[in-house]
Amino acid sequence: MRVKTYTFEDVRTGMEVIKEQFGPDTIIVDIKQNVMNGSKTAQNCCEISIALDNDPLVTMDNSLGEVRKKTEAVWSDAAKYLSDRLLSIESDMLTDRLKNYPTTLKVLYEKMLRSGLDRYLALSLVSEVFAEMGSLSENSLKAAFLLKSRLGKRISLCTVMSDDASTALIGPTGSGKTEAAKKLALAMKEEGLDPLIIAYDPVKRGTYSEYINFSGKTGIPVQFASHAGDLKTQVQNGNEKKIIDITGHSVHQREAVQCLPGMRKLAVLPAGARDEAVDQYLSAMSYVSIAGLIFTKLDEYDRFGTVCNTIVRLKRPIAALIGGPEAKDIVIPGPGTFGTMLIEGKTW
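Residues numbered from 1 in each chain as written. Predicted model: local features only at pLDDT ≥ 70, side-chain atom pairs only at ≥ 80, totals over all residues. Heavy atoms only, no water.

A. Region of the structure containing the sheet that holds strand β10 (residues 264–270). Sheet architecture is open: eight strands sit in the order β8-β7-β9-β6-β10-β11-β12-β13, paired in mixed fashion. Both edges of this open sheet fall to β8 (222–225) and β13 (330–331), since each of them pairs with a single strand only. Bridge count for strand β6 (residues 167–170) against β10 is four bridges, and the pairing is parallel. For A168, the partnering residue across the bridge sits in β10 and is K265. Across the sheet, helix α6 (residues 177–190) lies against β6, β7 (195–200), β9 (241–246), β10, β11 (292–296), β12 (318–322) and β13, angled at about 170 degrees from β9, the strand it touches most. (Pairing = 2+ DSSP bridges. Helix = DSSP H or I, 4+ residues; strand = E, 2+ residues; numbered from the N terminus. Contact = heavy atoms within 4.5 Å. Axes fitted to C-alpha atoms, helices over the stretch in contact; angles between N-to-C directions.)

Take a look at the structure:
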């Protein structure tokens, strides 16, 4: 299939000519009005693009299947052409909108795109800044501050440090729950809280030696539960601020959360997880009231904007962001955290 464009004085005349020459079933893929005609602009001049089959006319002895195949091929190519055309128009519209903004906002927009932020979200943010500040948005510091604030308002937070409530960590296998538990415990200890980690993994118990070494180095106590009843008993004993690291095994994870009905539950997810995988896990855990999310392994990805896209899309509170292997590689976010990391880079 090829696309050919013809110029006419007006759309009505063009459509009549095309129907007469190519038949009433000709596929129209694009119509442009008020286009340049040579060196002048003709008010009613238009271009009409149609889809043409490269092959000779189908002869009478063609089978019906061959005719249908060619028809479907033409429609498929036409649909692709239209899709590409719409993307091009969309891109032109975004470019035209940006032309009206000060250089400072254009620079911020480009920074957000390089960080991986969705271009529509990035444009929406700079538009909000321009609408509120007008010419004052030429001040780069003030514009960046307001942009960070605007992004922060789109993301809700889950506070885990300011109360004595215990927290259960759930998440798929390999999502980083153990690292999250250790870093949360260290952050709580620095805040003067009294954390206790309870590791619950009835099958593998692979993290036990790791936790013993961690406890020996940090002084943070660690306990181990081998079944749901044991877990429930340990949670009820003592007044420490408990962090329960629950195995990613789906059956045992369900057993654990069901015996902790009133406890705050945070889902731990790797920053690089595909949207489909995240949605699938959260859907499978729909029987759990998830208070917030923790994103881990941010050190493995340079484009924080892609994580922001997921966070904004999910519309769930965020409790923590975790980077590399060091104890300090954790951020308990505030309203301006996401904008700062997006524009200035990592904060650890």
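B. Region of interest: the packing of aromatic side chains. Under the counting rule described, the total for this entry stands at four aromatic pairs. With 6.5 Å between their ring centres and 35 degrees between their planes, Y6 and F8 make a pair best called tilted. The interplanar angle of 55 degrees and the centroid separation of 4.9 Å between the aromatic rings of Y101 and F130 together place this pair among those described as tilted. Separated by 29 residues along the polypeptide, Y101 in the loop between α2 (64–99) and α3 (103–114) and F130 in helix α4 (residues 119–133) bring together distant segments of the chain. Since its relative accessible area comes to 10%, Y101 is described here as buried. (Phe/Tyr/Trp six-rings, centres within 6.5 Å; stacked < 30°, edge-to-face > 60°. Buried < 20%, exposed > 50% of the residue type's maximum accessible area, 1.4 Å probe, protein only.)

C. Up close: the layout of surface pockets. Space inside the second largest pocket adds up to approximately 350 Å³. Every residue lining the second largest pocket is counted, 19 residues in all, and those nearest its centre are T173, G174, K177, T207 and G248. Residue assignment for the lining of the second largest pocket shows that the elements contributing at least two residues are α6, β7 and β9. Element by element, the count of residues in the lining of the second largest pocket is highest for α6, at three residues. Residues that form the lining of the second largest pocket fall into these classes: four nonpolar, nine polar and six charged. (1 Å grid on protein atoms, 1.4 Å probe; cavity = no way out; pocket = protein on both sides within 12 Å on 5 of 7 lines; lining within 4 Å. Points joined across faces, edges and corners; volume = space filled by probe spheres on them. Nonpolar A, V, L, I, M, F, W, Y, C, P; charged D, E, K, R; others polar.)

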